[in-house]
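Examining the three-dimensional arrangement
Here is what each chain is made of, one letter per residue.
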Amino acid sequence: MRLLALLPFLSLTLAQVGLLDGPRPPTEVRGYLEGNAQEGYRVRVEFYLETGTNPIQGTSYQSLTWNGRLYLCVGGCDTFSLSGFTPGTYPNGQVYDLYDSQNRLRGKAGVTTEYDAYNKPYRYRVEYAVWPLQGTKTWQASPDNPVPMETGGWLTARPPGGSPERYRYPGMESYRPPSGGSIFAGISPQDRDLAQKSLIDSMAKLRAFFGRLVRGSELWFFVPEVTPWTFQLAQEFQARVRGPVRFVVPEGTATSYCPTVYRSDPRFHVLPRPSLDKKDALAVIWPPQNASQKGAAMAGRYLVDRPDWPDGPDCLSQTVALVPTTSDLPEARAYLYGCISQANLKAQVQFKETSLGPVGYVDYRTYRGNWDGKDSFDLGNGWETIRLSVKGVSTNTWIRVEPALDAQDRNRGYARVYKQGTVSVDTSQTETATTPWYINQGPPHSYLHNGESLTIRDCRLTRQIGIEHSYDSGFDEITYIYEAVCQIYDTAGRWRGTTVSEYRYTYRFVDWEDRFYSYVTDSRWKHNLTVYPLRETIQGYYVYWYLSRWQTTWRAAKDNDRPVEAGGYVTAEGKRYRIPGLEGYLMPQGREIEAVEGDPYVTYITRSLLPDRNPYAALNREEGRVWYKPLSQWCQERGK
């Protein structure tokens, strides 16, 4: 039963970080933080070394909602599955085959259900052995584990088969090992069934401590002076315990209190000694007579000096946005649960992932005539610039224009565009072009000029410019060559210019029974165009946008649930984030009140301190008459 009695008091933390300022880079040596501030921190050190043929062994603790998967880094990181494990059952040492994500048998894992002091299952202990793949590096534990953390976060550890190496644990620069200088120093971890020792370093822990006391308990402060902070401690006690409070000060302080309102305050008493150091300040909490609750006590200078503790809730059950530690990490959030005072905060980490959804209507917008086809939209992932190519869009008609492209040239949809304006022929400018021959095809002729379809028609011969004779296949041929002028029109029927054209036709002469016959064998046209371009005046654009929006999903981390590390950090899938507001979590600040709870140790401390338990009262000795008295009586006896 001794083990079950210890379980509620175990609050070891587990945080994995790369170690600094040593002979190896932080990517090849890491530490797992264990322990707590009152007993001192220890670090389990691992080195990233070439693997041998032995399996990598370890232990993992999982909640009762565990799905039978382990995220492990053995050479490379992967998700391993326990073949045959059934969620929701309570195995007792059963061994399962362990397969990686490529369905390769990589080792074994044993699962044992652990039970609390009330014999209720509360978690799984998973002990695994995984064979690394051939030719890989693995994390291997130091034979010195766990090594104690020294002042400033320094530690010394040996790699397997190597010499001692010195490193620094990040974020622990202000750490000082506990000195154990108070009256509670004699309580060892092995005596926790006699008295539970803890450190109070936040308002949440203080209120939790007071909340464990039986209502009506009595609180006595033995302090060098009663400060506003001491009064606040008394108010917190009375708000939760509803018991009386007394203040006992040394004679030097009592002398200065005699001329004040404290003299008539029945809460104030005098300790028969001239002074008291702040570090020796003590507060004793005695339960009512015949109460089953054990006694309690607090000690340290922060019964007098204000420690400026964070004042927030102790137990958390909320979702918070995470702050990335490097700029390349994805956006993430976490559901936090657990209690700060119990050092058991866990985080269910989720990563934000986005994808493009279907194209749909977004907005109707108007633009001026000089619009370049670009606009900005918030499509679910911040403001983005979308662009269209509006060059060549017809005037005064609705046109579907696509694609609509974003800054990464992704097709995000289309737009329906109406370009309002006027189009006229600009006779102040000309463009020239020459057509190919149109053979045995009379006007009108079609010609594509700069992407625009033109029609050449209404041709008129102006003069003959030549004649050619030829002999072909035994026949005489004569070709007549003329110059002609034609008119140019566009598809809208607008006159666009003229041509200087060349027209040729060929006659062939045949001698048949001493008679000559002739007929046309070939005719062809070629045009030299002088075209007047169009001048477009645009008043504006009217546009309906149809674009794809970003869809946001939150993906749970593969290695959930993650322990919150010292300093308020959490690491999931190898990505490290900071949790806002938890910067002091598990970080010793040096501003703590030491506290103990339990019998018989507390009873031994307290029974000789309270006035009604004066050990000398029945002995008719001097000590019984000078035991600490009410301040008013003490001042009156001394004429103050």
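Just so it is clear, the model here is predicted, and its values are computed rather than measured.

**Here's the deal with the overall build of the protein chain**
- Helix and strand counts for the protein chain stand at seven helices and 39 strands.
- Out of the 640 residues in the protein chain, the part that is buried amounts to 42%.
- Contacts in the protein chain between residues at least 24 apart in sequence constitute 60% of all its contacts with a sequence separation of at least 6.
- Of the accessible surface of the protein chain, which amounts to about 33,600 Å², a share of 48% is contributed by carbon and sulfur atoms.

**Structural notes on the pairing of strand 8 (residues 105–115)**
- Among the 11 residues of strand 8, eight are classified as buried, and the element is accordingly described as predominantly covered.
- One ladder, built from seven bridges, connects strand 7 (residues 92–99) with strand 8; its direction is antiparallel. Within strand 8, the residue paired with leucine 98 across the bridge is glycine 107.
- Where strand 7 folds back onto strand 8 in an antiparallel hairpin, the turn is made up of five residues, including asparagine 103, whose phi is positive at roughly 60 degrees.

**Side note on the environment of glutamine 102**
- Relative to the elements of secondary structure, glutamine 102 occurs in the loop between strand 7 and strand 8.
- Sequence separation between glutamine 102 and phenylalanine 80 is 22 residues, and the spatial gap between their C-alpha atoms is 9.3 Å.

**Points about the pattern of salt bridges**
- Evaluation of the coordinates by the stated rule reveals 42 salt bridges.
- Between aspartate 100 and arginine 104 there is a salt bridge, and its shortest N-O distance comes to 2.8 Å.
- Judged by relative accessible area, which is 4%, aspartate 100 ranks as buried.
- For the salt bridge of arginine 412 with glutamate 384, the shortest nitrogen-to-oxygen distance reads 2.9 Å. One end of the pair, arginine 412, is in the loop between strand 26 (398–401) and strand 27 (413–425); the other, glutamate 384, is in strand 25 (residues 383–387), and 28 residues separate them in sequence. Each member of the pair, arginine 412 as well as glutamate 384, carries the same accessibility label: buried.
- One network of salt bridges, in which partners are shared, links Glu114, Arg123, Arg125 and Glu127.

**Side note on a nonpolar patch on the surface**
- Taken together, Tyr361, Tyr364 and Trp398 make up a surface patch of nonpolar side chains, about 310 Å² in accessible area.
- Examined against the element boundaries, tyrosine 364 turns out to sit in strand 23 (residues 346–368).
- When its relative accessible area of 34% is taken as the criterion, tyrosine 364 is described as partly exposed.

**Focus on helix 3 (residues 228–241)**
- Helix length check: helix 3 (14 residues) gives 20 Å between terminal C-alpha atoms against 20 Å at 1.5 Å per residue, within 8%.
- The set of residues buried in helix 3 consists of Trp229, Thr230, Phe231, Leu233, Ala234, Glu236, Phe237 and Val241.
- Buried-residue contacts for helix 3 involve helix 2 (203–211), strand 15 (218–222), strand 16 (245–250), strand 17 (268–271), strand 18 (282–286) and strand 39 (593–597).
- A positive backbone phi angle near 60 degrees is found at arginine 242, which sits one or two residues after helix 3.

**Some points on the sheet that holds strand 8**
- In space, the six strands of this open sheet follow the order 4-9-8-7-6-5, with antiparallel pairing throughout. Edge positions in the sheet fall to strand 4 (56–62) and strand 5 (69–74), since each has one partner strand and no second. Adjacent strand axes in the sheet meet at a mean angle of 30 degrees, parallel and antiparallel pairs treated alike.

**Thoughts on the packing of helix 2 against helix 3**
- Taken N-terminus to C-terminus, the directions of helix 2 and helix 3 make an angle of 45 degrees; their axes are 9 Å apart at the nearest point. Classed by the angle they form, the pair helix 2 and helix 3 counts as oblique. The crossing of helix 2 and helix 3 is right-handed. Of the residues in helix 3, those touching helix 2 at Met203, Leu206, Arg207 and Phe210 are Trp229, Gln232, Leu233, Glu236, Phe237, Arg240 and Val241.

**Re the confidence of the model for the protein chain**
- With 84% of its residues at a pLDDT of 70 or more, the protein chain has an overall mean of 82.
- Low confidence marks residues 188–193, where pLDDT is under 50. Its contacts with residues over four positions away, or in another chain, come to 11 contacts.

**Focus: the state of the cysteines**
- Scanning all chains against the criterion turns up three disulfides.
- Cysteine 258 shares a disulfide with cysteine 635; S-S distance 1.9 Å. Across the S-S bond of cysteine 258 and cysteine 635 the torsion is about -90 degrees, and the bridge reads as left-handed. Highlighted residues: cysteine 258 in the loop between helix 4 (251–257) and strand 17 and cysteine 635 in helix 7 (residues 631–637), separated in sequence by 377 residues. One exposure class covers both cysteine 258 and cysteine 635, and it is buried.
- Here cysteine 459 pairs with cysteine 486 through a disulfide, and the sulfurs are 2.0 Å apart. The disulfide joining cysteine 459 to cysteine 486 has a torsion of about 115 degrees about its S-S bond and is therefore right-handed. With cysteine 459 in strand 31 (residues 452–472) and cysteine 486 in strand 32 (residues 475–490), this pair connects stretches of sequence that are 27 residues apart.
- Looking at cysteine 459, the relative accessible area reads 26%, which means it is partly exposed.

**Here's the deal with the packing of aromatic side chains**
- The full count for this structure, using the stated rule, is 35 aromatic pairs.
- Pairing tryptophan 495 with tyrosine 532 gives two aromatic rings, centres 5.5 Å apart and planes at 45 degrees, and the pair type is tilted. Residue tryptophan 495 is found in strand 33 (residues 495–512), and its partner tyrosine 532 is found in the loop between strand 34 (515–531) and strand 35 (534–556); the two are separated by 37 residues along the sequence.
- Feature note: the residues Phe221, Phe231, Phe247, Tyr257, Tyr262 and Phe268 constitute an aromatic cluster, connected by ring pairs.
- Its end group placed over the ring of tryptophan 437, arginine 524 keeps NZ or CZ at 5.9 Å from the ring centre.

**Description of the side chain of threonine 499**
- Summarising the element assignment, threonine 499 is placed in strand 33.
- For threonine 499, a relative accessible area of 2% puts it in the buried group.

**Digging into the sheet that holds strand 37 (residues 569–572)**
- Read from one edge of the open sheet, three strands run 21-38-37, paired in antiparallel fashion. A strand with exactly one partner marks an edge of an open sheet, and here the two such strands are strand 21 (323–324) and strand 37.
- As paired elements, strand 37 and strand 38 (residues 575–578) share four bridges and run antiparallel to each other. By the bridge assignment for strand 38, alanine 572 is matched with lysine 575.

**Observations concerning the side chain of glutamate 236**
- With respect to the helices and strands, glutamate 236 occurs in helix 3.
- Residue classification places glutamate 236 among the buried residues on the basis of a relative accessible area of 12%.
- Among residues more than four places away in sequence, those in contact with glutamate 236 are Met203, Leu206, Arg207 and Phe210.

Reading the values: rules and limits
Residues numbered from 1 in each chain as written. Predicted model: local features only at pLDDT ≥ 70, side-chain atom pairs only at ≥ 80, totals over all residues. Heavy atoms only, no water. Helix = DSSP H or I, 4+ residues; strand = E, 2+ residues; numbered from the N terminus. Buried < 20%, exposed > 50% of the residue type's maximum accessible area, 1.4 Å probe, protein only. Contact = heavy atoms within 4.5 Å. Areas by Shrake-Rupley, 256 points an atom, 1.4 Å probe, with all protein chains shown as cover. Pairing = 2+ DSSP bridges. Salt bridge = Lys/Arg side-chain N within 4 Å of Asp/Glu carboxyl O. Patch = residues over 30% accessible without salt bridge, like charges linked within 9 Å, V, L, I, M, F, W, Y side chains within 5 Å. Expected span 1.5 Å × (residues − 1). Axes fitted to C-alpha atoms, helices over the stretch in contact; angles between N-to-C directions. Parallel < 35°, antiparallel > 145°, perpendicular 65-115°, else oblique. Left-handed = near helix turned anticlockwise from the far one by under 90°. pLDDT = per-residue confidence, 0-100. Disulfide = S-S within 2.5 Å. Phe/Tyr/Trp six-rings, centres within 6.5 Å; stacked < 30°, edge-to-face > 60°. Lys NZ or Arg CZ within 6 Å of the ring centre and 35° of its normal.

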